[in-house]
Amino acid sequence: MARATPRVVPIAKLNIRDFNSYLMTSVPNKMVNCSIQKRGTGEGEAVYISQRPAIDVYYDSGSAAAADKGRGIHYFNTNATVYFINDDTIYRDAYSNPIATISSGDEICEFTELGGYVVVLDQQNREMWLIDETHNVTQVTDVDFPLNPAHGLVQLDGFLFVLDTSGLIWQSGLDDPTSWEALDFVDAERENDGGKYLAKVMDNIAALGTRTIEFFYNAGNPSNSVLNRRSDVFYNVGCAFDESVWSNDNFVFFLGNDARGQLGVYKLQGMQLGKVSTADLDNYLTVSVAESNVRGIGCGFAANGTNYYMLTLYGITEALEREYVSTLVFEEGSGVWHLWDTDAITTPGDNVIPLIGYTETSHGGYKAGQGILWDGQIVSFSTNPTGNDTITVEDYVVDDYVVADYVEGASTTTSAIDMLIRLGEIDFGTHNNKFIRNLEVVCNYTSSAQNMTVRWSDSDPETYGSDRTINLDGRRKLYGLGMTNKRSWEFAFSGSDPLFIEAIEFEVDGSEI
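Fair warning: this is a prediction, and the values are worked out from it, not measured in the lab. (Residues numbered from 1 in each chain as written. Predicted model: local features only at pLDDT ≥ 70, side-chain atom pairs only at ≥ 80, totals over all residues. Heavy atoms only, no water.)

**Some thoughts on the overall build of the chain**
Here is step 1: Counting secondary structure elements, the chain contains one helix and 46 strands.
Here is step 2: The C-alpha atoms of the chain give a radius of gyration of 25 Å, which matches the 24 Å a tight globule of 513 residues would have.
Here is step 3: If you line up the chain on its principal axes, its C-alpha atoms span 85 × 55 × 50 Å.
Here is step 4: For the chain, the proportion of its 513 residues judged to be buried stands at 56%.
Here is step 5: Across the chain, the fraction of contacts at a sequence separation of at least 24, relative to all contacts at a separation of at least 6, is 59%.
Here is step 6: When the 34 basic and 72 acidic side-chain charges of the chain are each reduced to a single mean position, those positions are 11 Å apart. (Helix = DSSP H or I, 4+ residues; strand = E, 2+ residues; numbered from the N terminus. Rg over C-alpha atoms; globule rule 2.2 N^0.38 Å. Buried < 20%, exposed > 50% of the residue type's maximum accessible area, 1.4 Å probe, protein only. Contact = heavy atoms within 4.5 Å. Lys, Arg positive; Asp, Glu negative; His and termini not counted. Charge placed at Lys NZ, Arg CZ, Asp CG, Glu CD.)

**So, the sheet that holds strand S11 (residues 89-92)**
Here is step 1: Strand order in the open sheet made by the four strands is S9-S10-S11-S12, with antiparallel pairing throughout. Each edge of the open sheet is held by one strand with a lone partner, namely strand S9 (70-76) and strand S12 (94-101). Pairwise comparison of adjacent strand axes, ignoring direction, gives a mean angle of 30° for this sheet.
Here is step 2: As defined by bridge partners, S11 adjoins S12 across four bridges and the pair is classed as antiparallel. (Pairing = 2+ DSSP bridges. Axes fitted to C-alpha atoms, helices over the stretch in contact; angles between N-to-C directions.)

**Some remarks on the environment of Lys30**
Here is step 1: Residue position: Lys30 is located in strand S5 (residues 30-32).
Here is step 2: Overall, Lys30 belongs to the buried group, its relative accessible area being 17%.
Here is step 3: C-alpha separation for the pair Lys30 and Ile16, spaced 14 residues apart in sequence, amounts to 8.5 Å.
Here is step 4: Not counting residues within four places of it along the chain, the set of residues in contact with Lys30 comprises Ala12, Leu14, Leu339, Leu420, Ile421 and Arg422.

**Examining the packing of aromatic side chains**
Ring pairs (aromatic) are described by centroid distance and by the angle formed between their planes.
Here is step 1: This model, assessed by the stated rule, comprises 28 aromatic pairs.
Here is step 2: Ring geometry for Phe84 and Tyr95: centres 4.9 Å apart, planes at 70°, overall edge-to-face. On the criterion of sequence distance, the pair formed by Phe84 in strand S10 (residues 81-86) and Tyr95 in strand S12 is long-range, its members being 11 residues apart.
Here is step 3: When its relative accessible area of 1% is taken as the criterion, Phe84 is described as buried.
Here is step 4: Residue classification places Tyr95 among the buried positions, given a relative accessible area of 4%.
Here is step 5: Each member of the aromatic cluster is reached from another via a ring pair, and the members are Trp246, Phe251, Phe253, Tyr309, Phe330 and Trp337.
Here is step 6: Taking the ring centre of Phe251 as reference, the NZ or CZ of Lys267 above it sits at 5.4 Å. (Phe/Tyr/Trp six-rings, centres within 6.5 Å; stacked < 30°, edge-to-face > 60°. Lys NZ or Arg CZ within 6 Å of the ring centre and 35° of its normal.)

**Concerning the sheet that holds strand S22 (residues 204-209)**
Here is step 1: Ordered in space as S21-S22-S23-S24, the four strands form an open sheet in which the pairing is antiparallel. Each of the sheet's edge strands pairs with one partner strand only, and the pair in question is strand S21 (195-201) and strand S24 (227-235). Strand-to-strand twist across the sheet, computed as the mean angle between neighbouring axes with direction ignored, equals 30°.
Here is step 2: Relative to strand S23 (residues 213-218), S22 is paired through four bridges, and the arrangement is antiparallel. Bridge pairing links Ala206 to Phe215 in S23.

**So, unusual backbone geometry**
When glycine is set aside, most residues are seen to have a negative phi, and most peptide bonds are trans.
Here is step 1: One non-glycine residue with positive phi stands out, namely Asn293, at about 55°.
Here is step 2: When you line up the elements, Asn293 lands in the loop between helix H1 (279-292) and strand S30 (295-303).
Here is step 3: Since its relative accessible area comes to 43%, Asn293 is described here as partly exposed.
Here is step 4: Positive phi is not limited to glycine here, since Glu425 has a value of about 50°.
Here is step 5: Within the secondary structure layout, Glu425 lies in strand S39 (residues 419-426).

**Quick look at the pattern of salt bridges**
Here is step 1: Under the criterion given, the structure shown has 18 salt bridges.
Here is step 2: A salt bridge links Arg7 to Glu502; the nearest nitrogen and oxygen atoms lie 3.4 Å apart. Of this pair, Arg7 sits in strand S2 (residues 7-8) while Glu502 sits in strand S46 (residues 501-510); the two residues are 495 residues apart in sequence, bridging distant segments of the chain.
Here is step 3: According to the relative accessible area criterion, Glu502 is partly exposed, its value standing at 24%. (Salt bridge = Lys/Arg side-chain N within 4 Å of Asp/Glu carboxyl O.)

**Here's the deal with the nonpolar core**
What tends to happen in soluble globular proteins is that the nonpolar side chains get buried as a cluster.
Here is step 1: Membership of the largest hydrophobic core comes to 31 residues, with the highest contact counts inside it found for Leu439, Met452, Trp489 and Ile501.
Here is step 2: Setting aside residues no more than four positions away along its own chain, Ile501 makes contact with Pro10, Val47, Tyr48, Ile49, Met419, Ile421, Val441, Val442, Cys443 and Met452.
Here is step 3: The next biggest cluster of nonpolar side chains, apart from the first, holds 29 residues, and it includes Val32, Leu255, Leu311 and Ala492. (Core = buried A, V, L, I, M, F, W, Y, C linked by side-chain atoms within 4.5 Å.)

**A word on the pairing of strand S45 (residues 487-493)**
Here is step 1: Of all seven residues that make up S45, seven are buried, and the element is covered over most of its length.
Here is step 2: Going residue by residue along S45, you find Arg487, Trp489, Phe491 and Phe493 tucked away on one face and Ser488, Glu490 and Ala492 tucked away on the opposite face as well.
Here is step 3: Two strands pair when backbone bridges link them, and strand S41 (residues 451-457) and S45 are joined in this way by six bridges, in the antiparallel orientation. The partner of Val454 across the bridge, within S45, is Phe491.

Right under this line is the structure:
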């Protein structure tokens, strides 16, 4: 019998083999609450699988807000203030500081800045609000403000631009978001589709329609709109859900549809459009939307040197409430899709972190980020390796903008990040039977006795045998793994330490290995 010691790097690219309605029923390969990182340089560089960035929940809306409908968040550098919206209320820094009441809603509000104001677009209620540096809130009441704005809000060269649902791009007065003129617009209707989202891409404006994407630039026209359409670039891809867009002025992620009606996740970088979803994910999204009326909310953040685009899927119940399905996360650096969840927040459904808004803040030159979830909780994502999500019991320090869990003595609780890797049907290069003598997890050693759970299946990749455990506080092997011709594996870890897995090494006996 030949013996070999194959090494498997346990990167499991999401594979949705089968699903019923929107429920994934067969997923041979998946990674839950994981991220893929590179460590070291040159010949010493290696790829590791670790826990996803930790979530720090430092303000829970449950005891302070009248409703749980997080709608957006924005950091205003002029007065070092974080503004966020829950349902019909704008808050300053904390739920204890409401500053204005607006129309009730549950859809995302967009933010930008112009003329000394934070500008808020409430597309759902067809309203625009302005917040000045002394926290006064006023509504834009100009009769020429577009009646049916789409999602998305762009500031370019001192003008504010809003797309309407008919496909017209309107502009404000120069450095004046309160002023709008009846003829200051340009038509984004190269094709006869409606407007869905307006995004800024470098020094250009991208108008995402239901079936197309068009681009505009500031031509300095002396009358009507300053914008001209670019004739050199155009895409026959539309935006399927306006709330699925995550835009940061340099790139745009969104759930789109091609000319055939097939859904997929796209990234617009500069003038280049590319699909980042896989064929089986496209099929899952297309069928789920068509047959189960599933919808998507998109947002994202940067950590560990890469971007994470989070797409949370949900349906609408008979009571017209949201029923969350899953949070799919695209890790741009690795190109891998993950499923993420957490026990640190209360959300209706498994595998769900419904991030709907994220903003970068400054603390004495150090940049951090804050996000708001659909249930109104304010969170951040840690860039430091950790095995735990945290929940801050006390409010963060408002005056200095220091989060409580960065303050010595602040009271927090922790929740382990439940990490899972499923590797489907490994045969080590031959379909012949082979005997697996042992396996070893190649990773850093934990600071105390912390177990990884190992389970496997020789038939159905959804049905696994009894759990085995291996302690990771030192070098150990798991023995007595039996005979197989091909096998699916699961590795689960819920320890308190950050874990960096380089590989799984197997010792295998077989006739043709």
